[in-house]
Each structure stands twice: as C-alpha cells, then as structure tokens.
Amino acid sequence: MEEKLIPLAIGTLLGGLGGVFSLHYKLRVETKGKINIALFHLLEVWSLLGTVSAAQSEIFFNKLFEQFKLRFPKENLTEADMENMKIGAAKVVPVLMGAQSLGDDFYLDKYTAAVNDLAEIYPVQAFELNRNQALIRFLKGMDSFLITEEITESDRILVEGMTNLFQGDSLVEFENDLISLSKKSGLGNQIAVRRYVNRVKNRIQNIPESVFSEYIERVFAPMVQAHYDGLGIENPNNIDKA
C-alpha cells in the first residue's frame, strides 16, 4: 500500500509544481504584455515631443527662414510674422512628420492609459509618470492645439510654455522613465527604445527639405497670395518664375 502512495505523492507534487510554474509563466507574459502596451503609448508621446522640440529649435527655424526667403524673395517678415511662423511650425510640422492628434485628448489619453496599465504591475513607475504634471498639462494643451488651424492666444501661451518644458527637467524625467520601463521589457526592447529615443532627439538633423517646402506651401503660400489678391496686384514673388 505504501509503495503505491509514493508514486502518487510524487505525481501530485510534480503536478502541483507544474501548475505553479504555469501560473508564474502566465503572469510574466501578462505583465510583459502590459509593459509593451504602455511602452507603445509612451513612445507615441515621445515621438510628438521630439518632433515639436525639433520644430522649436533655432536650427530648424533658421532652415525654415532660409527656405521662406528662397520661395518669397520679395517679402520682409516682421517680428510678429516670425512669431506666427514659429507657432505655425509647432502646429503643422508634427502632422507632416507623422505625429497627429485623432481627437480630443489623444496624446493625453495615450499617456494616461500607460500610467493606468502600469499602476497594476509597477505602481512606483506609474507614480513617477503621473507626477510629471508639466508634461501632462502640455499634452492636454497640445491635443487641442494640433486640431485647430487658426492661431489663438492659447496657442501663443502654449508655445511660450514649450521653452520651459524642453529646457527644464520634465522632458529629461520622461526620457529616464521611458528608458527605465524599457529595461523591464527585455534586453531587445531596451536597446530598441534607446535607439529610438536618440533618433527622435537627433531628428532635427534629418528633417528632409520636403517638410520645409510643404510647410511653406501649405501655410504661407496661400496667405501671401491672398494678400496680393486683396491689393489687386500681381504677386511679385511669382514674377521671376514666369
């Protein structure tokens, strides 16, 4: 009788261990899945931030101004015109580069979804992301900013606040949180995320000329033409092209 109990006990033990390992594996897969989804949302947000940051840099604006002068050699921009050009760049360039809002609070929703997913498995990581209130306020304003074509006073305030965001600690904190989270997703994703972050940060060096020309044609060409049409005279910028 006892001899029969030993194989039975061993079988029960092994079966129990198998169940434990199976449950552990399932939890690991579910946890990694939530991390990857959160990473996906946060990388979308990072793409927007990197693009807008690039569009607000002096390097970008100098290139944009050079292209503008080539396209409209007869125009002299006032300080107000140049300020509107900067705001317009922040509004249009992210769309041209593939970062666009699909509705109210789109980017804020992405960020919030990532925080909520992480709260279940890594509450400290979620807390760190949630305490970055400067970034959260920026995302809330940016979502409405991207879907309106006219430049409003709220747009001016938002663009002024961009300087503080990009030069302060909020963006650095977000980058560190993103890198830290990628470590929990595995070595392959960690390397991929680091490369992507660096690529976005260096995006200003790689923006194609077509982005500048498309921005100028979409935003400024109609405005310049409408100005001369209103005066009832020929657009002098088109004379040399005739």
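Here the structure is a predicted model, which means the values were calculated and not measured.

*Asks:* Hey, could you run me through the environment of alanine 119 in this one?
*Replies:* With respect to the element layout, alanine 119 can be found in helix α4 (residues 106-119). By relative accessible area, which is 40% here, alanine 119 ends up partly exposed. Between the C-alpha atoms of alanine 119 and asparagine 130, which are 11 residues apart in sequence, the distance is 9.9 Å.

*Asks:* Even after reading the chapter, I still don't get the nonpolar core, so can you show me in this structure?
*Replies:* For soluble globular proteins, nonpolar side chains are generally found buried alongside one another. In this structure, Leu49, Tyr111, Phe138, Leu139, Met162 and Phe174 are the most contacted members of the largest nonpolar core, which totals 40 residues. Within the residue set of this core, elements represented by two or more residues are α1 (2-55), α3 (79-96), α4, α5 (123-130), α6 (133-146), α7 (153-167), α8 (170-183) and α9 (187-201). Element by element, the count of residues in this core is highest for α1, at 9 residues. Dropping the residues within four chain positions of it, leucine 139 is found in contact with Val45, Leu48, Tyr107, Leu108 and Tyr111. Phe72, Val92, Val219 and Tyr228 belong to the second largest nonpolar core, which has 20 residues in total.

*Asks:* Any chance you could explain the pattern of salt bridges here in plain terms?
*Replies:* Working definition: two side chains of opposite charge can pair if their charged atoms are close together. Under the counting rule described, the total for this entry stands at 5 salt bridges. The salt bridge involving arginine 71 is made with glutamate 217; its shortest N-O contact spans 2.5 Å. Placement of the pair is arginine 71 in helix α2 (residues 58-71) and glutamate 217 in helix α10 (residues 209-231), with a sequence separation of 146 residues. A relative accessible area of 18% means that arginine 71 is categorised as buried. With a closest N to O distance of 3.5 Å, glutamate 128 and arginine 131 form a salt bridge.

*Asks:* Can you walk me through α9 in this structure?
*Replies:* One turn of the α-helix equals 3.6 residues, which is why residues spaced by three or four share an orientation. Look at α9: 21 Å from first C-alpha to last across 15 residues, which is about the 21 Å you get at 1.5 Å a residue. All of the buried residues along α9 are Gln190, Val193, Tyr196, Val197 and Val200. In a view along the axis of α9, the buried residues occupy a sector of 130°, so they form one face of it. Exposed side chains of α9 directed beyond 90 degrees from the buried face belong to Leu187, Gly188 and Arg195.

*Asks:* Would you mind showing me how to read the environment of leucine 43 here?
*Replies:* Here leucine 43 lies in helix α1. What leucine 43 contacts, discounting residues up to four positions off in sequence, is Leu178, Val193 and Tyr196.

*Asks:* Help me understand the packing of aromatic side chains, please; the structure alone is not making it clear to me.
*Replies:* Summed over all chains, the structure comprises 5 aromatic pairs. A centroid spacing of 5.1 Å and a plane angle of 75° characterise the contact between phenylalanine 106 and tyrosine 107, whose relative ring orientation is edge-to-face. The burial state of phenylalanine 106 is the same as that of tyrosine 107; both residues are buried. A centroid spacing of 5.7 Å and a plane angle of 55° characterise the contact between tyrosine 111 and phenylalanine 174, whose relative ring orientation is tilted. With tyrosine 111 in helix α4 and phenylalanine 174 in helix α8, this residue pair connects regions lying 63 residues apart in the sequence. Given a relative accessible area of 1%, tyrosine 111 falls into the buried group. Among the residues examined, phenylalanine 174 registers a relative accessible area of 0% and is labelled buried. Cation over ring: lysine 184 sits above tyrosine 122, and NZ or CZ is 4.4 Å from the ring centre.

*Asks:* What's the story with the side chain of asparagine 235 in this structure? I'm lost.
*Replies:* Looking at the secondary structure, you find asparagine 235 in the segment after α10. There is a polar contact of 3.1 Å between the side chain of asparagine 235 and the side chain of glutamine 225. Not counting residues up to four positions away in its chain, the partners in contact with asparagine 235 are Val224, Gln225 and Tyr228.

*Asks:* Can you help me understand α8 in this one?
*Replies:* Compared with the 20 Å implied by 1.5 Å per residue over 14 residues, the 20 Å span of α8 between its first and last C-alpha is a close match. For α8, the full list of buried residues reads Ser170, Leu171, Phe174, Glu175, Asp177, Leu178, Ile179, Leu181 and Ser182.

*Asks:* Could you clarify how one ought to interpret the confidence of the model for the chain in this entry?
*Replies:* Scored by pLDDT, the chain comes out at a mean of 77, with 75% of its residues at no less than 70. α1 is the least confidently modelled element of the chain, averaging 68 in pLDDT, while α5 averages 90, the highest of any element.

Rules behind the numbers
- Residues numbered from 1 in each chain as written.
- Predicted model: local features only at pLDDT ≥ 70, side-chain atom pairs only at ≥ 80, totals over all residues.
- Heavy atoms only, no water.
- Helix = DSSP H or I, 4+ residues; strand = E, 2+ residues; numbered from the N terminus.
- Buried < 20%, exposed > 50% of the residue type's maximum accessible area, 1.4 Å probe, protein only.
- Core = buried A, V, L, I, M, F, W, Y, C linked by side-chain atoms within 4.5 Å.
- Contact = heavy atoms within 4.5 Å.
- Salt bridge = Lys/Arg side-chain N within 4 Å of Asp/Glu carboxyl O.
- Expected span 1.5 Å × (residues − 1).
- Arc of directions from axis to C-beta.
- Phe/Tyr/Trp six-rings, centres within 6.5 Å; stacked < 30°, edge-to-face > 60°.
- Lys NZ or Arg CZ within 6 Å of the ring centre and 35° of its normal.
- Polar contact = N/O pair within 3.5 Å; in protein donor to acceptor, adjacent residues only side chain to side chain.
- pLDDT = per-residue confidence, 0-100.

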